[in-house]
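# Structure at a glance
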Amino acid sequence: MSAQKFIYWFSEIGKEDIPLVGGKGANLGEMYNLGISVPPGFVLSSYAYYFFLEKSGLKNKIKEILTETDKNRPESYTAASEKIKKLMLKAEIPKEIAQEVIRAYFKLGGVFHNPFVAVRSSATAEDLPDASFAGQQRTFLNVKGETNVLEAVQECWASLFEPRAIFYREEKGFNHFKVGLAIPVQKMVESVVSGVMFTCDPVTSEKNKIVVEAIYGLGEMIVQGEATPDHFVVDKNDWEILQKVISRQEIELLGKKGTPKKFLVPSKLREKQKITDKEVIKLAKIGEKLHHHYFLAQDVEFALDKKRNIYIVQTRPVTTLKEVSEVSSFGSAQDKEISKENKEAEREIEEKKVILKGAGASPGIGWGNVVIINSKKEIGKVKQGDVLVTSMTTPDFVPAMKKVSAIVTDKGGLTSHAAIVSRELGVPCVVGTEKATQVLKNNETITVDGGKGEIYKGGLKIKTKILEPSNSSIAEIKQGLLKTATKVYVNLADYSLAKEVAQKNVDGVGLLRAEFMMAEIGVHPKKLLAEKKEKEFVEKLAERIAIFCQAFNPRPVVYRASDFKTNEYRNLKGGDLYEPKEANPMLGFRGAFRYIVDEKVFNLELEAIKKVRNKMGLKNLWLMIPFVRTPQELLQVKKIVTSSGLVRSPSFHLWMMVEIPSNVILLEEFLKVGIDGVSIGSNDLTMLIMGTDRDNSEVASVFNERNPAVLWALEKTIKTCLKEKITCSICGQGPSEYPDLVEKLVEYGITSISVNPDAVERTRELVYHAEAKVISKK
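The rules behind each value
Residues numbered from 1 in each chain as written. Predicted model: local features only at pLDDT ≥ 70, side-chain atom pairs only at ≥ 80, totals over all residues. Heavy atoms only, no water. Helix = DSSP H or I, 4+ residues; strand = E, 2+ residues; numbered from the N terminus. Buried < 20%, exposed > 50% of the residue type's maximum accessible area, 1.4 Å probe, protein only. Contact = heavy atoms within 4.5 Å. Areas by Shrake-Rupley, 256 points an atom, 1.4 Å probe, with all protein chains shown as cover. Phe/Tyr/Trp six-rings, centres within 6.5 Å; stacked < 30°, edge-to-face > 60°. Pairing = 2+ DSSP bridges. Axes fitted to C-alpha atoms, helices over the stretch in contact; angles between N-to-C directions. Salt bridge = Lys/Arg side-chain N within 4 Å of Asp/Glu carboxyl O. pLDDT = per-residue confidence, 0-100. Parallel < 35°, antiparallel > 145°, perpendicular 65-115°, else oblique. Left-handed = near helix turned anticlockwise from the far one by under 90°. Nonpolar A, V, L, I, M, F, W, Y, C, P; charged D, E, K, R; others polar. Arc of directions from axis to C-beta. Core = buried A, V, L, I, M, F, W, Y, C linked by side-chain atoms within 4.5 Å. Expected span 1.5 Å × (residues − 1).

On a plain count of helices and strands, the chain comes out with 31 helices and 31 strands. Looking at the chain residue by residue over its 778 residues, the buried ones come to 58%. The contacts in the chain between residues at least 6 apart in sequence include a share of 68% that link residues at least 24 apart. Roughly 32200 Å² of accessible area belongs to the chain as shown, and the carbon and sulfur atoms make up 51% of that amount.

Structure representation (structure tokens):
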């Protein structure tokens, strides 16, 4: 993609384009190209923002104003922000940008009318995996006419210097001028219902649940916490609604004929459920598709129009998952013993009077003096250790939220600003109490249980102002003191996470996906071969693989050779020239068979592996072959690997994926070819055993990695490997989601379990207890 364009249509961009189109823009393009129903639109790139800064000559003036900020004086951020925004709004938009925006806007609307559009901000450091302060920049809804669109663009640029945005960047150590701003412009959906969905439980971090929250009208009221939404919890295993809480809604925000305005909800609808049970399940299945596509839990915004069509407005990674809460949900009673302070607090709380209840939004216990804040102008009142009480927080409250021991709000749900930011900060929070600002009094001392959603009269005798939920084994797990005979590996694809994940108590990378790295390179390998640029491909792939190997050295990194299906390969630049169109790509030209037919492409991967091992000296890199249909295929691929100079040794292991029924049935024959280990790809294996496509919502409910037929295949594979004295791992989704499956795998005698990064600590503890059970039975 050229870095010199101002305008990109959604069809031109994907998740790899965050530096150019920001998190929102990249995800809109990714969803559009995935076939998700997204309102049509385009993105004004961050290159346009930098072009504007350069042409206007504002950079040095902004730098000078930023020297006036002081973290101890929150009001200094507001003063600096006002000065910078005034400068930016007075500057003229370069005509080169203005002309292209106008052309794109007219193209979006068609010949005969100017469409209503949403003009959103998409910062390059917003919505990334380590950040959750979404909403720092401005959004404009129901904008009509080219002049108004240009004004909204300039307002979005200026909002990059809102007080909360300046503060956030300083806290995170981001360079103010290395954070760009892209602007997605989309046709408006005339929403009758809007909402937010998490593809895991944002409070407990349980991966087998999806949380959906919905309100009447536009979604801004749910994010800002102005309305308490209907709340649904869906079980991913059987797509049943586990929990349903319907909230009364008096006011809705509607975009009728231009500027969104608040209207009274018709009295007959105020107490009613906003979306039907069928719509809840349909949304949940879309959420699971996005979760599967991105390999990460997603925070999804959606809207329904008058015809009840569902549109996904944006998606981004959930960044507030806490492994501690996942770990503390499992294990024996002894392991769930909490610290001495927590015990004392629990005893005190049992004797206290509950004075208010709401929804537990961020776990933990906090206590202190109440300070009631009615607007951002009052945040200077908040002192260290206070309990912040307000109708609902906004991004401007963040500096104050960092000081407090707990947060209580009148409005909002689990997806409101207060809930999301509290979880990020580790501050106990209760939302949706309806009357906290009326019942509680300034300087009154209270205790807040952010897990149970309860507020108690009086404080605690202990000194600590915030008690996190904990158990005796969590510290050991975090420090790597909890050891297991069964190795716990991690599944990875994104090299930017390598260093962070390598700090966990993990024994190596059990599945390094080639596809993510190759997709980032972006060009079909055959196109590069045709252009004699194969060295470029090898260099880039080797560089990316080396990042993982360096981070985890000397722990093994198991690189799974590319397993693109033809429809996925076609998405790479030049792919349409080299890939056949197949009716069923899952069972088509992929895996080992592709390497045999297309040896030159496979050899590029082998060259990259050799470069990492031999030239960079990283001998912890192993190789795994996917989708091997017959022992003869495995033999042919092994010959290619060996002839390239990669020979099995104590430092170079060759593995095979077990993901086809023939792998299980004929496993002894496959092992005779000579390999060091196998890894069960339970996703594909389950689909092929059950004859179902988990990505097809019509039949996805049949997909079950704990079905007796699948468990038989797992047990046979593991026990055959034990008998033949080779290692057996598993790298599918199941162990990341189902604790009981982990126990069975350990009972069967599996050598290692490879899970998603967010499940490492939980899985380590599950393995620990499962091994203890096995020993006690002997």
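Next, the rest of the story.
A full pass over the atoms with the stated rule returns 13 aromatic pairs. Here F6 and F51 contribute two aromatic rings whose centre-to-centre distance is 5.2 Å and whose plane-to-plane angle is 65°, an arrangement assigned as edge-to-face. Within this pair, whereas F6 is found in the segment before β1 (7–9), its partner F51 is found in helix α2 (residues 46–56), the two being separated by 45 residues in sequence. What makes F6 buried here is its relative accessible area of 8%. The class for F51 is buried, based on a relative accessible area of 15%.

Before going further, it helps to spend a moment on the side chain of N620. For N620, the location among the structural elements is in the loop between α23 (599–615) and β27 (621–625). What makes N620 buried here is its relative accessible area of 4%. Contacts of N620, omitting those with residues within four sequence positions, involve C549, F552, N553, P554, R555, P556, V557 and R613.

Taken together, six strands build an open sheet; the order of strands is β10-β9-β8-β7-β13-β14 and the sheet is antiparallel. A strand with exactly one partner marks an edge of an open sheet, and here the two such strands are β10 (240–245) and β14 (310–317). Each adjacent strand pair in this sheet contributes to an overall mean axis angle of 20°, direction not counted. Two elements, strand β13 (residues 298–304) and β14, share seven bridges in a ladder whose sense is antiparallel. Bridge pairing in β14 places E301 opposite Q314. Along the sheet, helix α9 (residues 277–294) makes contact with β7 (193–198), β8 (209–216), β9 (230–235), β10, β13 and β14, crossing β14 at roughly 40°.

Right, let's get into the pairing of strand β25 (residues 509–513). Look at any regular strand and the pattern is simple: side chains alternate between the two faces of the sheet. Counting buried positions along β25 gives five out of five residues, so the element sits mostly inside the fold. When strand β24 (residues 487–492) meets β25, the two strands line up parallel, connected through three bridges. Pairing of V490 across the sheet is with V509, part of β25. In terms of strand pairing, β25 meets strand β26 (residues 557–560) through three bridges, oriented parallel. Paired with V509 across the two strands is V557, which belongs to β26.

Here the structure, examined in full by the defined rule, presents 35 salt bridges. Note that E68 and K83 form a salt bridge whose closest N and O atoms lie 3.0 Å from each other. Within this pair, whereas E68 is found in the loop between α3 (59–66) and α4 (74–90), its partner K83 is found in helix α4, the two being separated by 15 residues in sequence. Look at E68 and you get partly exposed, because its relative accessible area is 33%. Taking the shortest distance from any N to any O, the salt bridge between E520 and R544 comes out at 2.7 Å.

Strands sit in the order β30-β29-β28-β27-β26-β25-β24-β31 across an open sheet of eight strands; the sheet is parallel. What marks the edges here is a single partner per strand, and that holds for β30 (727–730) and β31 (752–755). When the angles between neighbouring strand axes are averaged without regard to direction, this sheet yields 30°. Sheet analysis places strand β28 (residues 654–658) next to strand β29 (residues 677–680), joined by four bridges and oriented parallel. The partner of M657 across the bridge, within β29, is S679. Here helix α19 (residues 534–552) sits on the sheet and contacts β24, β25, β26 and β27; the angle it forms with β26, its principal contact strand, is near 155°.

Our focus in this paragraph is the confidence of the model for the chain. Scored by pLDDT, the chain comes out at a mean of 85, with 89% of its residues at no less than 70. In the predicted structure, residues 323–339 sits below a pLDDT of 50 and forms 51 contacts with residues beyond four places in sequence or in another chain. Scored below 50 in pLDDT, residues 470–479 makes 28 contacts in the model with residues more than four places away or belonging to other chains.

A separate point is the packing of α4 against helix α6 (residues 146–158). Axis separation between α4 and α6 bottoms out at 9 Å; the angle between their running directions is 150°. For the element pair α4 / α6, the angle class is roughly antiparallel. Note that α4 runs across α6; the crossing there is right-handed. In this structure, α4 contributes K85, M88 and L89 to the contact, and α6 contributes Q154, E155, W157 and A158. A per-class count over the contact of α4 with α6 returns four nonpolar, one polar and two charged.

Among the residues of α3, I62, I65 and L66 are the ones counted as buried. Buried residues along α3 cover an arc of 100° about the axis, so they all sit on one side. Set apart from the buried face of α3 by more than 90 degrees, the exposed residues are N60 and E64. Elements in contact with the buried residues of α3: α2, α4 and α7 (163–172).

Quick look at the packing of α4 against α7 now. Following both chains from N to C, one finds α4 and α7 inclined at 115°, their axes separated by 8 Å at the closest point. In this view, α4 runs roughly perpendicular relative to α7, as classed from their interaxial angle. For α4 against α7, the interelement crossing comes out right-handed. Contacts between α4 and α7 involve Y77, T78, S81 and I84 from the first element and P163, I166, F167 and E170 from the second. Among the residues making up the contact of α4 with α7, the classes are represented as five nonpolar, two polar and one charged.

Turning next to the environment of I718. Tracing the sequence through the fold places I718 in helix α28 (residues 708–723). By relative accessible area, which is 1% here, I718 ends up buried. Residues I718 and V664, 54 residues apart in the sequence, show an inter-C-alpha distance of 9.7 Å. Ignoring any residue separated from it by four or fewer positions in sequence, one finds I718 in contact with I680, C728, L745, Y748, G749 and I750.

This part takes up the nonpolar core. Residues I545, F552, Y559 and L623 are the most contacted members of the largest nonpolar core, which totals 87 residues. The element contributing the most residues to this core is α19, with 10 residues. Residues contacting L623, with those up to four places away along its chain left out, are Y559, A561, L606, I609, V641, F652, H653, L654 and W655. Ranked by size, the runner-up nonpolar core spans 67 residues in total, among them V179, L181, I183 and C429.

For α6, spanning 13 residues, the distance from its first C-alpha to its last is 19 Å, which sits close to the expected 18 Å at 1.5 Å a residue. What α6 keeps buried is the set V149, L150, A152, V153, Q154, C156, W157 and A158.

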